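Chain residues, written in single-letter form:
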Amino acid sequence: MSERIVIAGAGLAGLRAAERLRELGFDGEVVVIGAEPDIAYHRPALSKHLLTGAVSRADTLLADPLEVDAEWRFATAVTGLSPNRQVVHVAGEELRYDGLIIATGVEPRRLPGAPHGHPRVVVVRTLADTIALQRALATSRGPVAVVGDGFIGCEVASSLREMGRDVVLIGRARALLADVLGPDIGEWLTALHTARGVRLELGTAVRRWRPTSASVGIEFTDGRALDVACVVVAVGSVPAVSWLRGAKLPLDDGVVCGPTCHVVGSQTIVAAGDVARWPNFRFDPVPRRDEHWLNSVEMSRAAADNLLTGPQGSPAYTPVPRYWSEQHGVRIQVAGRPMLGTDTVLLESPAPGTRPITGFVRDGGLVGLIGLDSPAAVLHWTAELARGRRAPGTEPRPAPEIVRPRQGGDRDHSGAVAGW
């Protein structure tokens, strides 16, 4: 019998892993199982270009399943795993595997008390979610509430303003994304949203919901109330690991992996993308997750490589994380891990006339950077970060040359007088 590799998850990470297995010459069976009915699609477009209508649903699809030599099982959920028997449970079927790639990603966090399932209360995680939001917008004209002040919430608010809708953005923090981008950029972003007409309700939360067939009533913690046409709930996400309960794999805010993407304690299982939590030794030994597009691409390829190689001969996966967000026409680009920095420094752009970017420094080393509409500078300094460049102004001074004396007081080859 030929070997079989099962990929749990048919999103971006699952697609790229399947492609990589074939690139590497794996000639066994590849079975890809996905809960959604579609091939992988460009998920960042959901809160931006697809929502505004700038692109169509077909434009977001990343591949034709027939182009990748694999057995694709769409609209099919994995329900369990028996690693000792090397079996994945799928809709009453036991699917044997020789190697398993876990790429099930994340699912939206549910807001306690919110009327999830109401046609005017939606999340934005899948194609179906965005289509449901478009339907709710098309049948209403009042303001839209966005609950959640993270990247998705801010992007949706920006897109809705581009569409001419009144928007109320509700969040617990005092400044938008300050916990990710730092307080200075957080304050700047808050001012940008305000200037573009987003009504900000920050430092508060929803205490009570009053949904009707035509609107949704919201009551804040301070007692104020608001009626809106529909609500977008964007309060983060959680790793999609419920199907792994009972499998005795290490689960802690995701599937815990070693530095090679192998699930801790397993020789035949790797994880990739949003669901994986692993130590990136480029920065430190602390396991973390990266919920970003490029990490799903790069980690899935590394996981496929290392699954075929085995944990003993595999290199550590040590990328420089990169991601971006576009809000009100401004592109925010992030590289590295800015929040590991203990200080900041201004990094000049190599392109004359363009704005500098913010570098984040720890122990003199550059650990992250953030640029606003500065692609050339971000590319330049991301490459420097990847090379381990120290932050400007923190380079250690060279130690003074010590010239050792020679017998007879001769001069050495440098011309310095021996013996001083």
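Please refer to the structure placed before this passage.
A few points on the structure.

Definitions and cut-offs
Along each chain, residues carry numbers from 1 onward, in the same order as the chain's sequence is written. The predicted nature of this model means local features are confined to residues of pLDDT at least 70 and side-chain atom pairs, given and counted, to a pLDDT of 80 or more, with totals for whole chains, interfaces and linings taken over all residues. Side-chain numbers come from the whole structure's heavy atoms, not from hydrogens or water. Axes, fitted as lines to C-alpha atoms, cover a helix only where it is in contact. Angles between the N-to-C directions of the axes lie from 0 to 180 degrees. Secondary structure elements are taken from DSSP: a helix is a run of H or I of four residues or more, a strand is a run of E of two residues or more, and numbering for both begins at the N terminus. Working definition: roughly parallel below 35 degrees, roughly antiparallel above 145 degrees, roughly perpendicular at 65 to 115 degrees, and oblique for all remaining angles. Two helices that cross are described as forming a left-handed crossing if the nearer one is turned anticlockwise from the farther one by less than a right angle, and a right-handed crossing if clockwise. Contacts are assigned to residue pairs with any non-hydrogen atoms lying within 4.5 Å of each other. As a working rule, the residues Ala, Val, Leu, Ile, Met, Phe, Trp, Tyr, Cys and Pro are called nonpolar, Asp, Glu, Lys and Arg charged, and the rest polar, with Gly in that last group. An expected span of 1.5 Å times one less than the residue number is assigned to each helix. We call a residue buried when its accessible area falls under 20% of the maximum for its residue type, exposed when it is over 50%, and partly exposed in between, using a 1.4 Å probe and counting protein chains only. In this description, the arc belongs to the directions extending from the helix axis to the C-beta atoms. One bridge is not enough; two strands pair if DSSP finds at least two bridges between them. A pairing counts as a salt bridge when a side-chain nitrogen of Lys or Arg comes within 4 Å of a carboxyl oxygen of Asp or Glu. Under the rule applied, a polar contact is a pair of N or O atoms within 3.5 Å (in protein, one hydrogen donor and one hydrogen acceptor; residues adjacent in sequence only if both atoms are side-chain atoms). By convention, a crossover is right-handed whenever its connection, traced from the first strand over the helix to the second and viewed with the strands pointing away, goes clockwise. Aromatic rings from Phe, Tyr and Trp, with only the six-membered ring used for Trp, were paired whenever their centres fell within 6.5 Å, and each pair was classed as stacked if the ring planes differed by under 30 degrees, edge-to-face if by over 60, and tilted otherwise.

Overview of the packing of helix α1 (residues 12–23) against helix α8 (residues 293–309)
Move 1: One can describe the packing of α1 onto α8 by two numbers: an axis separation of 8 Å at closest approach and a directional angle of 40°. As the angle between them shows, α1 and α8 are arranged oblique. Every pair of crossing elements has a handedness; the one defined by α1 and α8 is right-handed. Contacts from L12, A13, R16, A17, R20, L21 and E23 of α1 reach α8 at W293, S296, V297, S300, R301, A304, D305 and L308.
Move 2: Tallied by class, the residues present in the contact of α1 with α8 amount to 8 nonpolar, 2 polar and 5 charged.

Some words on helix α9 (residues 375–386)
Move 1: Spanning 12 residues, α9 covers 16 Å between terminal C-alpha atoms, matching the ideal 16 Å at 1.5 Å per step.
Move 2: By the burial criterion, the buried members of α9 are A377, V378, W381, T382, E384 and L385. The arc that holds every buried residue of α9, seen down its axis, measures 160°, which confines them to one face.
Move 3: Where α9 is buried, its residues contact β22 (322–327), β23 (330–336), β24 (343–347), β25 (357–362) and β26 (365–372).

Thoughts on the sheet that holds strand β2 (residues 29–33)
Move 1: Across the sheet, 5 strands lie side by side as β3-β2-β1-β7-β19; this open sheet has parallel pairing. Both edges of this open sheet fall to β3 (71–73) and β19 (269–271), since each of them pairs with a single strand only. Strand after strand, the sheet turns through a mean of 15° between neighbouring axes, direction not considered.
Move 2: Across the sheet, α8 lies against β1 (4–8), β7 (99–102) and β19, angled at about 165° from β19, the strand it touches most.

A word on the pattern of salt bridges
Move 1: On inspection of all chains with the given rule, the structure shows 28 salt bridges.
Move 2: A salt bridge links R96 to D98, with the nearest nitrogen and oxygen atoms 3.0 Å apart.
Move 3: Relative accessible area serves as the criterion here: at 29%, D98 is assigned to the partly exposed category.
Move 4: One network of salt bridges, with partners in common, ties together R20, E23, R301 and D305.

Things to note about the side chain of S237
Move 1: Structurally, S237 is set in strand β17 (residues 237–239).
Move 2: Engagement of the side chain of S237 in a polar contact is seen with the side chain of E291, the distance being 2.7 Å.
Move 3: Leaving out residues up to four positions away in the same chain, S237 has contacts with V106, E107, P108, R109 and E291.

A short note on the sheet that holds strand β14 (residues 216–220)
Move 1: In spatial order, the strands read β13-β14-β15; together these 3 strands make up an open sheet with antiparallel pairing. Two strands bound the open sheet, and with one partner strand each, they are β13 (206–211) and β15 (225–228). Between one strand axis and the next, the sheet turns through 20° on average, direction left out of account.
Move 2: Both β13 and β14 contribute to a ladder of 5 bridges, which runs antiparallel. Opposite W209, over in β14, you have I218 as the bridge partner.

Brief notes about the pairing of β1
Move 1: Most of β1 is tucked away: 5 of the 5 residues are buried.
Move 2: Residues R4, V6 and A8 line one face of β1 and the alternating positions I5 and I7 line the opposite face, and both faces are buried.
Move 3: In terms of strand pairing, β1 meets β2 through 5 bridges, oriented parallel. Of the residues in β2, the one forming a bridge with I5 is V30.
Move 4: What joins β1 to β2 is α1, and the crossover it makes is right-handed.
Move 5: Where β1 meets β7, 4 bridges bridge the pair, whose relative direction is parallel. Its bridge partner lying in β7, I5 is registered against G99.

Digging into the pairing of strand β16 (residues 230–233)
Move 1: The side-chain alternation of β16 yields two buried faces, one formed by C230 and V232 and the other by V231 and V233.
Move 2: Alignment of strand β9 (residues 121–122) against β16, held across 2 bridges, turns out to be parallel. Note that in β16 the partner of V122 across the bridge is V232.
Move 3: Bridge count between strand β10 (residues 144–147) and β16: 4 bridges; the pairing is parallel. Bridging from a neighbouring strand, V146 pairs with V232 of β16.

Here's the deal with the packing of aromatic side chains
Move 1: Overall, the coordinates contain 3 aromatic pairs when judged by the stated rule.
Move 2: On the basis of an interplanar angle of 15° and a centroid distance of 5.7 Å, the ring pair of W72 and F74 is categorised as stacked.
Move 3: For W72, a relative accessible area of 14% gives the class buried.
Move 4: Assessed through its relative accessible area of 23%, F74 is described here as partly exposed.

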